[in-house]
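The primary structure of each chain is shown beneath.
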Amino acid sequence: VLKLSGNWKLSSDIPGSEDLQNQIQSEQIKHLSLDTTELSDWDTGLLSWLNTLNDYCVEHDIILDTSDLPDGVNRLLALANAVPERKGARREESKTLFLAKVGEDFIAAMRITGEFVGFFGESMLALARMIQGKAVYRRSDLWLIMQNAGARALPIVSLVSFLVGMILAFVGAIQLANFGAGIYIADLVGIAMTREMGAIMTGIIMAGRTGAAYAAEIGTMTVNEEVDAMETSGFSAMEFLVLPRMIALMLMMPLLAIYADLMGILGGALVAVTILDLTLFEYSTQLIKAVTLGDFFAGVFMAFVFGVIVAVIGCMRGIKCGRSSQAVGLATTSAVVSAMVLIVVASAVLTVLYNAIGI
């Protein structure tokens, strides 16, 4: 007979079950009764303790007599044991092997890559239909999207590009001044901005600004079943939603990159004039000598590629969004992160390719 007395609440000091189990095992008890005549207050702490004791008794073929328990306790215990616990309901610490985890991540990465390639192929087919005059989309939407992705992005592109140009010039000026080669600050800023930094900074800005907006807008339409209604009505979501946004970024990104190059060069000129005491004529003359058309068009093409990446990733995450409000946030975050990663990867690939072909 097990006698329970006193207060059995979660806030009180409930005894552990290990000592009791050891005593039951040492005395080889086969029948256990509960005496609760002196039991005062109880809550789920008592229920949890009794449930553990019941599991132990069942496992070791011990009869547990709970008839003396209060009616409320018996009813709750019966309710708790009415339905068996679903397998896997409890979250246990993952014991997945390291190589298995790496394999799962690799498979997930390949699946996402396949989705991107498939979606990119569909967008290219939609673009081909537009060139043939067969695509169905609203041209008024195209002009509005171009305005949002182009003119309205000028303030943030101006600020970031100007500061990046100043940073490049300032870092270069500290080193070049030691060798009396301050004039070459124009080479550093001009080549860096036109070949790489202008396009990269514009791409990252547009990924966080426009790519996220595309994912959130189309994702909300997916949650509200507007995309399904569009497909049911005979309109292609690829042509009606994705195509205008992709065209807008394909056209606006090179122009924004050129503008970013100009702002970065102006930022470098400010540092060159104020720190190195160069004149604007000296700076611009050295800049014209250093920067070639190859550098200029390399950056413009890179920006074009980044525009395609941002548009495709943003629209893909929006269309493949789940059906909840939380899914919209996840799609937006995924669109920004994926676009930035692909921008860096594409920049590295194009840089190596430019070097290989001598641009």
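An account of the accompanying structure is given in this report.

**Concerning a nonpolar patch on the surface**
Next up, step 1: A cluster of nonpolar side chains, namely I156, L159, L163, I167 and V171, defines an oily patch on the protein surface of about 440 Å² accessible area.
Next up, step 2: Tracing the backbone through its elements, the reader meets L159 in helix 6 (residues 154-176).

**Remarks on the side chain of E196**
Next up, step 1: On the secondary structure map, E196 appears in helix 7 (residues 185-223).
Next up, step 2: Other than its neighbours up to four places away in sequence, E196 contacts I191, M302, S347 and T351.

**Looking at the nonpolar core**
Next up, step 1: Among the nonpolar cores identified, the biggest contains 56 residues, and L243, L249 and F306 are the most heavily contacted of them.
Next up, step 2: Elements represented by at least two residues in this core include exactly helix 4 (98-131), helix 5 (139-149), helix 7, helix 8 (226-232), helix 9 (237-275), helix 11 (293-319) and helix 12 (325-357).
Next up, step 3: The biggest single contributor to this core is helix 9, with 15 residues.
Next up, step 4: If sequence neighbours within four positions are ignored, L249 has contacts with A149, M206, T210, Y214, P254, G307, V310 and A311.
Next up, step 5: In this structure, L47, L50, Y56 and L69 belong to the second largest nonpolar core, which totals 20 residues.

**Some remarks on the packing of helix 4 against helix 11**
Next up, step 1: Where helix 4 contacts helix 11, the axes come no closer than 10 Å and their chain directions differ by 110°. Put simply, helix 4 runs roughly perpendicular to helix 11. Together, I112, E115, F116, F119, F120 and S123 of helix 4 and V308, V312, I313, C315, M316, R317 and I319 of helix 11 make up the contact between the two elements.
Next up, step 2: In the contact of helix 4 with helix 11, the residues fall into 10 nonpolar, one polar and two charged.

**What about the pattern of salt bridges?**
Next up, step 1: Throughout the structure, instances matching the rule amount to seven salt bridges.
Next up, step 2: Between D141 and R138 there is a salt bridge, with its nearest N and O atoms 3.8 Å apart.
Next up, step 3: Accessibility expressed as a relative area gives 46% for R138, which makes it partly exposed.
Next up, step 4: For R323, the salt bridge is made with D228, and the minimal N-O distance between the two is 2.9 Å. Residue R323 is found in the loop between helix 11 and helix 12, and its partner D228 is found in helix 8; the two are separated by 95 residues along the sequence.

**Observations concerning unusual backbone geometry**
Next up, step 1: At E225, a position not held by glycine, the phi torsion is positive, near 65°.
Next up, step 2: Mapped onto the secondary structure, E225 falls in the loop between helix 7 and helix 8.
Next up, step 3: Even without glycine at this site, D277 takes up a positive phi of about 60°.
Next up, step 4: You can see D277 is positioned in the loop between helix 9 and helix 10 (280-290).
Next up, step 5: Since its relative accessible area comes to 63%, D277 is described here as exposed.

**Digging into the sheet that holds strand 3 (residues 63-65)**
Either a parallel or an antiparallel arrangement is found when strands of a sheet pair, and the pairing is made through backbone hydrogen bonds.
Next up, step 1: Taking strand neighbours across the sheet as the criterion, the three strands line up as 1-2-3 in an open arrangement whose pairing is parallel. Of all strands in the sheet, those with a lone pairing partner are strand 1 (2-8) and strand 3, marking the two edges. On average, each strand axis in the sheet is tilted by 25° relative to the strand beside it, whichever way the strands run.
Next up, step 2: In this structure, strand 1 lies alongside strand 2 (residues 31-42), joined through five bridges in parallel fashion. Counterpart to G6 in the pairing with strand 2 is L39.

**Thoughts on the pairing of strand 2**
Next up, step 1: Note: strand 2 against strand 3, three bridges, orientation parallel. Directly across from H31, in strand 3, lies its bridge partner I63.

**What about the environment of E239?**
Next up, step 1: Within the fold, E239 resides in helix 9.
Next up, step 2: Each C-alpha atom, one on E239 and one on G72, is 64 Å from the other, the two residues being 167 residues apart in sequence.
Next up, step 3: Polar contacts involving the side chain of E239 include one to the side chain of R129, which spans 2.5 Å.

**Section: the packing of aromatic side chains**
Next up, step 1: A full pass over the atoms with the stated rule returns four aromatic pairs.
Next up, step 2: Taking the centre distance of 6.3 Å and the plane angle of 20° together, the rings of F116 and F120 count as stacked. Taken together, the residues F116 and F120, both in helix 4 and four residues apart, mark about one turn of the helix.
Next up, step 3: One residue, R139, lies across the ring of Y137, its end atom 4.9 Å from the ring centre.
Next up, step 4: Above the face of the Y214 ring, R245 is positioned so that its terminal group lies 5.6 Å from the ring centre.

**Quick word on the environment of D43**
Next up, step 1: Within the secondary structure layout, D43 lies in the loop between strand 2 and helix 2 (44-59).
Next up, step 2: With 32 residues separating them along the chain, D43 and S11 place their C-alpha atoms 9.5 Å apart.
Next up, step 3: With near-sequence residues (within four places) excluded, D43 lies in contact with W8, K9 and L10.

So, how was this worked out
- Residues numbered from 1 in each chain as written.
- Predicted model: local features only at pLDDT ≥ 70, side-chain atom pairs only at ≥ 80, totals over all residues.
- Heavy atoms only, no water.
- Patch = residues over 30% accessible without salt bridge, like charges linked within 9 Å, V, L, I, M, F, W, Y side chains within 5 Å.
- Areas by Shrake-Rupley, 256 points an atom, 1.4 Å probe, with all protein chains shown as cover.
- Salt bridge = Lys/Arg side-chain N within 4 Å of Asp/Glu carboxyl O.
- Helix = DSSP H or I, 4+ residues; strand = E, 2+ residues; numbered from the N terminus.
- Contact = heavy atoms within 4.5 Å.
- Core = buried A, V, L, I, M, F, W, Y, C linked by side-chain atoms within 4.5 Å.
- Buried < 20%, exposed > 50% of the residue type's maximum accessible area, 1.4 Å probe, protein only.
- Axes fitted to C-alpha atoms, helices over the stretch in contact; angles between N-to-C directions.
- Parallel < 35°, antiparallel > 145°, perpendicular 65-115°, else oblique.
- Nonpolar A, V, L, I, M, F, W, Y, C, P; charged D, E, K, R; others polar.
- Pairing = 2+ DSSP bridges.
- Polar contact = N/O pair within 3.5 Å; in protein donor to acceptor, adjacent residues only side chain to side chain.
- Phe/Tyr/Trp six-rings, centres within 6.5 Å; stacked < 30°, edge-to-face > 60°.
- Lys NZ or Arg CZ within 6 Å of the ring centre and 35° of its normal.

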